[in-house]
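Overview (structure and organization)
Listed here are the chains, written in short residue letters.
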Amino acid sequence: MDDIANTGSSTWVDIPSGSPFPLRNLPLGVARRADGTVGAFVAIGDQALDLAEAVGTGFLEDSPAELGLLDAGRTLNGFAAAGRAAHTALRRRLTELFTDDRYAAQLSPSLIPLDELTMLLPVAVGDYVDFYSSLHHATNLGRLFRPDGEPLLPNWRHLPVGYHGRSGTVVADGTDITRPSGLRLVDGEPVFGPTNALDIELEVGFIVGAPSELGHPIATAGADAHLFGLCLVNDWSARDIQAYEYQPLGPFLGKSFATSMSPWIVTLDALEPFRVDPPAQEPPVADYLRTTGPTSFDLHLEVELNGTVISAVGFADTYWSAAQQLAHMTVNGASVRAGDLFASGTVSGPEPGTEGSLIELTWRGERPIQLADGTSRTFLEDGDQVTLRGWAGADPTNRIGLGSVTGTIAPADRHTGGH
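The residue count restarts for each chain, going from 1 along the sequence in the order it is written. Only residues with pLDDT of 70 or above have their local features reported here, since the model is predicted, and side-chain atom pairs are shown and tallied only from 80 upward, although totals for entire chains, interfaces and linings are computed over all residues. The side-chain quantities take in all heavy atoms of the structure and omit both hydrogens and water.

**Concerning the overall build of the chain**
Here is the rule we go by: Labels follow the DSSP assignment, with helices taken as runs of H or I lasting at least four residues and strands as runs of E lasting at least two, numbered in each case from the N terminus. A radius of gyration in this sense is built from C-alpha atoms; the matching globule rule multiplies 2.2 Å by the number of residues raised to 0.38. In this description, contact between two residues means that some pair of their heavy atoms is separated by no more than 4.5 Å. Only the protein chains shown count as cover for residues, with accessible areas throughout obtained via the Shrake-Rupley method and a probe of 1.4 Å. Positive residues here are Lys and Arg, negative ones are Asp and Glu, while His and the chain termini are left out of the count. To locate a charge, the coordinates of NZ of Lys, CZ of Arg, CG of Asp or CD of Glu are taken.
The helix and strand tally for the chain stands at ten helices and 26 strands. Its C-alpha atoms give the chain a radius of gyration of 21 Å, near enough to 22 Å, the size a compact globule of 419 residues would have. Viewed in the frame of its principal axes, the chain has a C-alpha envelope of about 70 × 50 × 45 Å. The long-range fraction of contacts in the chain, counting pairs at least 24 apart against all pairs at least 6 apart in sequence, stands at 72%. As displayed, the chain has an accessible area near 17600 Å², and 52% of this comes from carbon and sulfur atoms. Computed over 26 positive and 52 negative side-chain charges, the separation of the two mean positions in the chain equals 2 Å.

In structure tokens, the structure reads:
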């Protein structure tokens, strides 16, 4: 796609070297200012432009995004629903504004330092679906739980396995994660109490833009028209609760207590230069899941635990693409709505140190991770802080950031106990 934000144009905005938010990114988010007002923002460098104020100047009056940006005032759902053409039009207009010195004096007062904003969820999530799309992750877990059998279950290479999560517990960056309680096996008996195996999952999230109609599946070739952008997702997991409950219907309480979502949505237009071909799929998939061209993205992800980077992995070889996931979600006629979130599932690689969860990194607790502060971990302890980061592009001089998402583990609620 011809995109002037990817031409290397200079800008009057002072952008620090190495910023995850250069001119060619322009991610969108929702934030609260110090005075308590909430609105939509676009990040550039270490600042963010208040889009409501930009609309007020008249500089966005010709943009089809104007109404959607202000819809409800607290989410980007209205703008997401406006579709790809509106997303592209706003991006083009913002690039014009940021690269023309004539606009500097009028727009500079609407630029707010990022550290003066409290980032909120960018969209109101209606439905949340979590997939299981990394071949390496699925293989690792298969070897852990079925050491004497085939790592992959028979259906895994034929369809994107997933489950519906709980959208009401998708939380914003910086939200503390309370240690969940539930039933887990202790010496072979189910015992209620706080999880002893609290884990993270390093994932990429996809946000739905233009909605679809009930009864009308989305084809893989048309998926981009229904996607708004990407973010980072940490699908916190209580492995001991999950292990006891997941048969025969799958994840429930071990997954539904919290899912952290990064605050900035990076649009598909920004990611066009970083598209790559997906891995070959064998055996051939069903017709409705077939794709052509570069449907994956050259993303790089990392996990930091208490200041130590414990995992770094690429996303490009993830087996099932977002287009295939969206096609699979709707092939039965199910509809999607603007703001719906679906995630890749844990992203893991084939080498040690590329696993996207602690259960893999520590091989179910058998190989503790050593941290820079001299401590070690198998699973998360109270007070631990986890940050996920991501960016597109291997070249440090030509990359754009997905930002980051952080959560800190809080002790279990002392009132929990089923009384």
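**Some words on unusual backbone geometry**
Stated precisely, the cut-off is as follows: Remark: exposure states derive from per-residue accessible area (1.4 Å probe, protein chains only) relative to the maximum for the residue type, with buried under 20%, exposed over 50%, and partly exposed in between.
The peptide bond linking Q247 to P248 adopts the cis configuration, its omega dihedral lying at 5 degrees. When you line up the elements, P248 lands in the loop between α7 (239-245) and β16 (259-261). A cis amide bond, omega 5 degrees, links E282 with the succeeding residue P283. Its identity is not glycine, yet N306 carries a phi of approximately 50 degrees, on the positive side. Structurally, N306 is set in the loop between β20 (299-305) and β21 (308-314). Judged by its relative accessible area of 25%, N306 falls in the partly exposed class. Phi at W363 takes a positive value of approximately 50 degrees, unusual for a residue other than glycine. Positionally, W363 belongs in the loop between α10 (358-361) and β23 (369-370).

**Side note on the packing of aromatic side chains**
Put simply, the rule is: Only Phe, Tyr and Trp rings take part, Trp by its six-membered ring, and two of them pair if their centres are within 6.5 Å. Stacked means planes under 30 degrees apart, edge-to-face means over 60, and tilted covers everything else.
Using the criterion set out here, one finds nine aromatic pairs in the structure. The interplanar angle of 75 degrees and the centroid separation of 5.4 Å between the aromatic rings of Y319 and W320 together place this pair among those described as edge-to-face. The pair Y319 / W320 is uniform in exposure class, with both members buried. One aromatic cluster is present, built from ring pairs that chain together F131, F206, F315 and F342.

**A closer look at a negative patch on the surface**
Counted only if it meets this: A patch consists of residues whose relative accessible area exceeds 30% and which take part in no salt bridge; residues with like charges are grouped when within 9 Å of each other, and nonpolar side chains (Val, Leu, Ile, Met, Phe, Trp, Tyr) when within 5 Å. By salt bridge we mean one thing: a side-chain nitrogen of Lys or Arg within 4 Å of a carboxyl oxygen of Asp or Glu.
Together, D14, D46, D115 and E116 make up a negatively charged patch on the protein surface. When you line up the elements, D115 lands in the loop between β4 (111-113) and β5 (118-119).

**Some details on the sheet that holds β21**
Selection rule: Here, strands pair whenever DSSP counts at least two bridges between them.
Reading across from one edge, β9-β26-β25-β20-β21 is the order of the five strands in this open sheet, with mixed pairing throughout. Unpaired on one side and paired on the other, β9 (177-178) and β21 mark the two borders of the sheet. Note: strand β25 (residues 385-392) against strand β26 (residues 400-410), eight bridges, orientation antiparallel. The partner of A392 across the bridge, within β26, is I400.

**Notes on the nonpolar core**
Heads up, the condition is: Nonpolar cores are built from buried Ala, Val, Leu, Ile, Met, Phe, Trp, Tyr and Cys residues. Side-chain atoms within 4.5 Å join them into one set.
Core analysis: the biggest nonpolar cluster contains 58 residues, and W236, L299, F342 and L380 have the highest contact counts within it. The residues contacting F342, other than those within four sequence positions of it, are V129, F131, V204, G205, F206, V208, L227, A322, Q325, L326 and M329.

**Structural notes on the environment of A80**
One can find A80 in helix α3 (residues 77-81). The class of A80 is buried, set by a relative accessible area of 0%. Spatially, the C-alpha atoms of A80 and V208 are 7.3 Å apart, while their sequence positions differ by 128 residues. Apart from residues no more than four positions distant in its own chain, A80 is found in contact with H87, V208, G209, A210, F228 and A338.

**Points about the environment of S321**
Following the sequence through the fold, S321 ends up in the loop between β21 and α9 (322-330). Judged by relative accessible area, which is 6%, S321 ranks as buried. For the pair S321 and V233, spaced 88 residues apart in the sequence, the C-alpha separation amounts to 16 Å.

**Structural notes on the pattern of salt bridges**
In total, this model carries 19 salt bridges according to the counting rule given. We note a salt bridge from D100 to R102, for which the minimum N-O separation is 2.6 Å. The shortest N-O distance in the salt bridge between E201 and K255 comes to 2.5 Å. Within this pair, whereas E201 is found in the loop between β12 (198-199) and β13 (202-208), its partner K255 is found in the loop between α7 and β16, the two being separated by 54 residues in sequence. Of the two residues, E201 and K255, neither departs from the other in class, the shared state being buried. Among the charged side chains, a salt-bridge network with shared partners connects R84, D224, D269, E272 and R275.

**Considering the sheet that holds strand β2 (residues 38-44)**
Strand order in the open sheet made by the five strands is β4-β3-β2-β1-β5, with antiparallel pairing throughout. Across the chains shown, the open sheet's two edge strands, defined by having one partner strand only, are β4 and β5.

**Digging into a nonpolar patch on the surface**
Taken together, the side chains of L183, L185, F192 and Y244 make up a nonpolar region of the molecular surface, amounting to roughly 380 Å² of accessible area. Inspection of the secondary structure puts L185 in strand β10 (residues 181-186). A residue is classified by how much of its surface remains accessible, and L185, at 47% relative accessible area, is partly exposed.

**Considerations on helix α6 (residues 135-145)**
Where α6 is concerned, the buried positions are H137, A138, T139, N140, L141, G142 and L144. Looking at the packing, one finds that the buried side of α6 touches α10.

**A look at the pairing of β20**
Along β20, six of the seven residues are buried, which leaves the element largely enclosed by surrounding structure. As paired elements, β20 and β25 share seven bridges and run antiparallel to each other. Opposite V303, over in β25, you have L388 as the bridge partner. Where β20 hands over to β21, the hairpin turn is made up of two residues, of which N306 adopts a positive phi near 50 degrees.

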